[in-house]
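# Structural description and commentary
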Amino acid sequence: MRIVDIIEKKKDKKELSDEEIQFWIDGVVDGSIKDYQTSALLMAIVLNGMNDRETTKLAHAMMKSGDVLDLSSIEGIKADKHSTGGVGDKTTLALSPMVASCGVKIAKMSGRALGHTGGTIDKLESIQGFRTDISQEDFIKQVREIGLALVGQSGHLVPADKKLYALRDVTATVDSIPLIASSIMSKKLASGSDTILLDVKYGEGAFMSTVSDARKLAETMIKIGKALGRNTMAIITDMNQPLGNTIGNALEVREAIETVRGHGAEDFKELCMGAGEIILVQAKVAKTKEEARSLLEDAINSGRAFEKLKEMVAYQKGNVNQIENPDLLPKAKYVSEIKSKEEGYLADIHALGLGLCAMKLGAGRKKKEDEINYAVGLDLKKKRGDFVKKGETLCLVHHDYPLEDDWLNDFYACFSYADKKIEKRPIIEEIIS
Ligand code: URA
């Protein structure tokens, strides 16, 4: 088999066989296929697509390129969730202890991130001492003992994706549904859980800008999951404004703690409850969504969800005092109130723009080597649809350096106003199974 013939075939809009896809991925991992050849094939896939069989085979070949976790020694159904990423997305931090305190086993590997804020792992590391580099044996032991572990992705999980993603990032070949779906699903499948809930975000602050593209991505991922024997479902959620109130690592940990204790922003709480209901039903802890909701409410109101969060933090050597008293989490030098210059109903709060504002404060990385400042970020006091008077506080900015005029201009440009009341949109637009 020759890679040049495979590139030619995809260039001519033909289907690749399972053997050809396997040959390509093997060659990517062992280095026998050159980066320029893989780049050409990636571009041909972006332009000419892949059908469901090809996409499933690609996800499967990628999954097998490294370690595949065996969680069978953990009793019961193991559940996983994945978000395609958004601004202020701290869902894993709150949702995992919520569902784990209802009896679902959560063995979750998460990543760091380039972008507005860190990924889940960076956020967790804003808790003093919290360890995320845990061996596979200890990870499995932790889930067996306390039912919940949130750790960094092992170095040997899906090496094919690491290579392909690095090339896609520099060859304008990220935005392809078969490539995104196989990349995400290969990692979920290799992580070993029985059930997968995908939170596919749409909107200005997301990978997919429209509901219909988000639906297509969700359906493709569900087909892969089901073809490979996993109970896979998806929710399509709104990312046209930041999720919850906060953007920034320690601020998001604080908001997750509030939510686990029954407080916090409505949209974020509703996302956690809606996703939690589905996970509980997938894991057969509840028969119906109604039963699941009442289990989740009880876990929050009784304090069991909060206790589960503290138990996980203690197990992973984090400072539990910071969870009990979030004022002890990292703090920025300054907290400045930013006031509205206009009056009206907030028609739009640009998620991406605010994410970039947070990144400029130091909350996220532009390059892999950049250090994250855990303390800085934004704490929004108004959400889309709220009425705002001139001079009312829009946001508290947590920062270590004086705010410059350019930054303030960029910040204010993220808000637009309307004279008439704006309909609030539901956070979960659609559930796909
Ligand atoms: N997230 C991933 O893991 N892979 C992609 O291709 C895009 C988003």
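Residues numbered from 1 in each chain as written. Predicted model: local features only at pLDDT ≥ 70, side-chain atom pairs only at ≥ 80, totals over all residues. Heavy atoms only, no water.

This brings us to the overall build of the chain. Across its full length, the chain carries 17 helices and 13 strands. Its C-alpha atoms give the chain a radius of gyration of 22 Å, near enough to 22 Å, the size a compact globule of 433 residues would have. Seen along its three principal axes, the alpha-carbon backbone of the chain occupies a region of about 70 × 50 × 40 Å. The buried share among the 433 residues of the chain stands at 56%. (Helix = DSSP H or I, 4+ residues; strand = E, 2+ residues; numbered from the N terminus. Rg over C-alpha atoms; globule rule 2.2 N^0.38 Å. Buried < 20%, exposed > 50% of the residue type's maximum accessible area, 1.4 Å probe, protein only.)

It is worth spelling out the site of the ligand at this point. As a structural note, the neighbourhood of the ligand is formed by Y165, R168, I180, S183, I184, K187 and F207. Within the contact set of the ligand, an oxygen atom lies 2.8 Å away from a side-chain nitrogen or oxygen of R168. Expressed as a share of its isolated accessible area of 240 Å², the protein-covered part of the ligand is 88%. Put simply, the parts of the chain that give the shell around the ligand at least two residues each are α8 (159-170) and α9 (177-190). A per-element tally of the shell around the ligand places α9 first, with four residues. Looking at the shell around the ligand, its residues break down into four nonpolar, one polar and two charged. (Near = heavy atom within 4 Å. Polar contact = N/O pair within 3.5 Å; in protein donor to acceptor, adjacent residues only side chain to side chain. Areas by Shrake-Rupley, 256 points an atom, 1.4 Å probe, with all protein chains shown as cover. Nonpolar A, V, L, I, M, F, W, Y, C, P; charged D, E, K, R; others polar.)

The next thing to look at is the nonpolar core. With 77 residues, the main nonpolar core has M312, L354, L378, W407, F411 and F415 as its most contacted residues. No other element matches helix α12 (residues 266-282), which puts eight residues into this core. When residues of this core are assigned to domains, at least three fall in each of domain 2 (78-324) and domain 3 (330-418). Excluding its chain neighbours within four sequence positions, the residues that come into contact with W407 are I338, C357, K360, L361, L378 and V397. Listed in part, the 55 residues of the second largest apolar core include I6, M62, A160 and L189. (Core = buried A, V, L, I, M, F, W, Y, C linked by side-chain atoms within 4.5 Å. Domains from an automatic or database assignment. Contact = heavy atoms within 4.5 Å.)

This next bit is on the packing of α12 against helix α13 (residues 289-301). Geometrically, a packed helix pair is captured by the angle between its two axes and the distance between the axes. At their nearest, the axes of α12 and α13 sit 8 Å apart, and the two run at 120° to each other. It follows that α12 is oblique to α13 by the angle criterion. Crossing of α12 over α13 shows right-handed handedness. Facing α12, whose interface residues are E270, M273, G274, G276, E277, I278, L280 and V281, α13 presents K289, A292, R293, L295, L296, E297 and I300. For the contact of α12 with α13, a count of residues per class yields eight nonpolar, two polar and five charged. (Axes fitted to C-alpha atoms, helices over the stretch in contact; angles between N-to-C directions. Parallel < 35°, antiparallel > 145°, perpendicular 65-115°, else oblique. Left-handed = near helix turned anticlockwise from the far one by under 90°.)

Before going further, it helps to examine the sheet that holds strand β11 (residues 393-399). Strand order in the open sheet made by the four strands is β6-β9-β11-β7, with antiparallel pairing throughout. The strands lining the two open edges of the sheet, one partner per strand, are β6 (246-247) and β7 (334-339). Contacts between helix α17 (residues 405-412) and the sheet are confined to β7, β9 (377-380) and β11, with β7 contributing the most and set at about 50° to the helix. (Pairing = 2+ DSSP bridges.)

The three strands lie next to each other as β10-β8-β12, forming an open sheet whose pairing is antiparallel. The outermost strands of the open sheet, each flanked by one partner alone, are β10 (387-388) and β12 (415-418). Two strands pair when backbone bridges link them, and strand β8 (residues 344-349) and β10 are joined in this way by two bridges, in the antiparallel orientation. Residue pairing in the sheet places Y345 in a bridge with F387 of β10.

A word on the packing of aromatic side chains. One pass over the structure, following the stated rule, counts four aromatic pairs. Each member of the aromatic cluster is reached from another via a ring pair, and the members are W407, F411, Y412 and F415. Directly above the ring of F268 sits K90, whose terminal nitrogen or CZ lies 5.3 Å from the centroid. (Phe/Tyr/Trp six-rings, centres within 6.5 Å; stacked < 30°, edge-to-face > 60°. Lys NZ or Arg CZ within 6 Å of the ring centre and 35° of its normal.)

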